[in-house]
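The residues making up each chain are set out below.
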Amino acid sequence: MEETQTFGHGATTEVQLYVPSSKIKGEVQRMGAYPFGQQWFMTFYLLAKNKLLTLLVTTEEELKSCCVEVKKDVTPDASMNIQGTCCETNEEIENFITQFKCPDIQPKTVDDMYLGDPKGKKRDILPLSLYKNFNHFLANNTSAALESTLGKLDTFFKENGTKFAFSDNMTYADCVLMPRLHHVRVAAKELRDYEIPKSMKHLWRYMRDAYKEEAFNLSCPSDQDIIIHYQEKVGSSYRGHATIQATTFSCAIPEGILDHECGAPTAHHDSLKENGDQQNKHEEDEGIIDGGTGE
């Protein structure tokens, strides 16, 4: 059974994103934990939010990766020429999104998430290092490289002075990083009893703010799907049964982590919350968020 949701109205371009569905029996209408699935969902959602397209997202049970089709295009920008476009690889999708010329959706920004000398021969691209070291940790149960990358991310967010990777708005770099960072949080805890250190407050603050964004929440797989996606890497050492657990979504940071730094709620905090509530209502009024229809 397929499930399709629509996001955005009024754009002249209609894009269909197909993503792998949940691996849990009876939950195929939900997205699975394929990291690129959430990455592309978030990316195209942000393009829809900028009124550059109308997004249709369909989950499919047999899919192993994502694909994109342009269902309709009557854009006045003839230079785009995307009518009939079909992207079947992540590289093709990445090339495709650049045609929308959205400042926040530029794949090259991922390469700017590093620490150290920009002229150095080897730059540690943090989202890529994070995922590589996370998979190594699951397979070998050695956390040093993973924790080193998490520490670098904490330093990166301490130094950049913005809410998200490069601004106070989510950008493509966040669409790449946040799904993988969330997978680290959920799967490392369940499968290896490892938690992101509470001392990394700048990283936790970033996660807290990302969890509040519709782009992340609407595309987030369940904790159980994330666990299932990685449990083969740890072999028989995992004794859990994610397929029969109650469905949960860990889209909030643990209580108390930012208490010392952030202090008690203030008028400014209340104002930010009120503005966030107003933004969500505005998105609903503008038709960015629409209900799902099954097929």
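*Asks:* I'm lost on the overall build of the chain in this one. Help?
*Replies:* Counting its secondary structure elements, the chain contains 10 helices and six strands. Put simply, of all contacts in the chain between residues at least 6 apart along the chain, 76% involve residues at least 24 apart. Just so you have it, the chain exposes about 14,700 Å², and 48% of that area is on carbon and sulfur atoms.

*Asks:* Can you walk me through the pairing of strand E1 (residues 3-7) in this structure?
*Replies:* The element E1 is extensively covered by neighbouring structure, given that four of its five residues are classed as buried. By the bridge criterion, five bridges tie E1 to strand E3 (residues 54-60) in an arrangement that is antiparallel. Looking at E3, one finds that Thr4 is bridged to Thr58.

*Asks:* What should I look at first to understand the nonpolar core in this one?
*Replies:* Buried together is how nonpolar side chains tend to be arranged in soluble globular proteins. Among the nonpolar cores identified, the biggest contains 82 residues, and Leu17, Phe44, Leu181 and Met207 are the most heavily contacted of them. Sorting elements by how many residues they give to this core places helix H5 (residues 172-192) first, with 12 residues. Leave out the neighbours within four places in its chain, and Phe44 touches Val15, Leu17, Leu53, Leu55, Val68, Ile93, Phe96 and Ile97.

*Asks:* Honestly, unusual backbone geometry in this entry has me stumped. Any pointers?
*Replies:* With glycine set apart, most residues show a phi of negative sign, and most peptide bonds adopt trans. Of note, Lys51 is a non-glycine position whose phi angle comes to about 60 degrees, a positive value. Mapped onto the fold, Lys51 is located in the loop between helix H1 (35-49) and E3.

*Asks:* Help me understand the packing of aromatic side chains in this model?
*Replies:* The description of an aromatic ring pair rests on the distance of the ring centres and on the angle between the ring planes. The final tally for this structure, using the stated rule, is 16 aromatic pairs. A ring pair is formed by Phe7 and Tyr45, whose centres lie 5.8 Å apart and whose planes are at 75 degrees; its orientation type is edge-to-face. Linking Phe7 in strand E1 with Tyr45 in helix H1, this pair joins segments that are 38 residues apart in sequence. Note on Phe7: relative accessible area 1%, which makes it buried. Given a relative accessible area of 1%, Tyr45 falls into the buried group. Within the aromatic cluster, the residues linked to one another by ring pairs are Phe156, Phe157, Phe164, Phe166 and Tyr206. Looking at Arg180, its charged tip hangs above the ring of Phe36, at a distance of 4.9 Å from the centre. Its end group placed over the ring of Tyr131, Arg180 keeps NZ or CZ at 5.6 Å from the ring centre.

*Asks:* What exactly am I supposed to notice about the side chain of Arg30 here?
*Replies:* Note on placement: Arg30 falls in the loop between strand E2 (13-20) and H1. Given a relative accessible area of 18%, Arg30 falls into the buried group. At 2.9 Å, the side chain of Arg30 forms a polar contact with the side chain of Glu27. Within the local environment of Arg30, its side chain forms a polar contact with the side chain of Ser222, the two groups lying 3.2 Å apart. Setting aside anything within four residues of it in sequence, one finds Arg30 in contact with Ser21, Ser22, Ile24, Thr59, Ser222, Asp225, Thr247 and Phe249.

*Asks:* Please explain the side chain of Thr58 as it appears in this structure.
*Replies:* Structurally, Thr58 is set in strand E3. On the basis of relative accessible area, Thr58 is assigned to the buried category, the value being 2%. Looking at Thr58, its side chain comes within polar contact range of the side chain of Gln16, at 2.6 Å. Those residues in contact with Thr58 that lie beyond four places of it in its chain are Glu2, Glu3, Thr4, Gln16, Leu17, Tyr18 and Val19.

*Asks:* Quick question: what am I supposed to make of H5 here?
*Replies:* For the α-helix, the turn length of 3.6 residues means that residues three or four positions removed from each other point alike. With 21 residues, H5 ought to run about 30 Å at 1.5 Å a step, and its terminal C-alpha atoms sit 30 Å apart, in line with that. Among the 21 residues of H5, 19 are classified as buried, and the element is accordingly described as predominantly covered.

*Asks:* Would you mind showing me how to read the environment of Thr85 here?
*Replies:* One can find Thr85 in the loop between strand E4 (67-73) and strand E5 (86-87). Separated by 15 residues in sequence, Thr85 and Val70 place their C-alpha atoms 5.3 Å apart. Once residues lying within four places of it in the same chain are set aside, the contact partners of Thr85 are Val68, Glu69, Val70 and Phe96.

About the cut-offs
- Residues numbered from 1 in each chain as written.
- Predicted model: local features only at pLDDT ≥ 70, side-chain atom pairs only at ≥ 80, totals over all residues.
- Heavy atoms only, no water.
- Helix = DSSP H or I, 4+ residues; strand = E, 2+ residues; numbered from the N terminus.
- Contact = heavy atoms within 4.5 Å.
- Areas by Shrake-Rupley, 256 points an atom, 1.4 Å probe, with all protein chains shown as cover.
- Buried < 20%, exposed > 50% of the residue type's maximum accessible area, 1.4 Å probe, protein only.
- Pairing = 2+ DSSP bridges.
- Core = buried A, V, L, I, M, F, W, Y, C linked by side-chain atoms within 4.5 Å.
- Phe/Tyr/Trp six-rings, centres within 6.5 Å; stacked < 30°, edge-to-face > 60°.
- Lys NZ or Arg CZ within 6 Å of the ring centre and 35° of its normal.
- Polar contact = N/O pair within 3.5 Å; in protein donor to acceptor, adjacent residues only side chain to side chain.
- Expected span 1.5 Å × (residues − 1).

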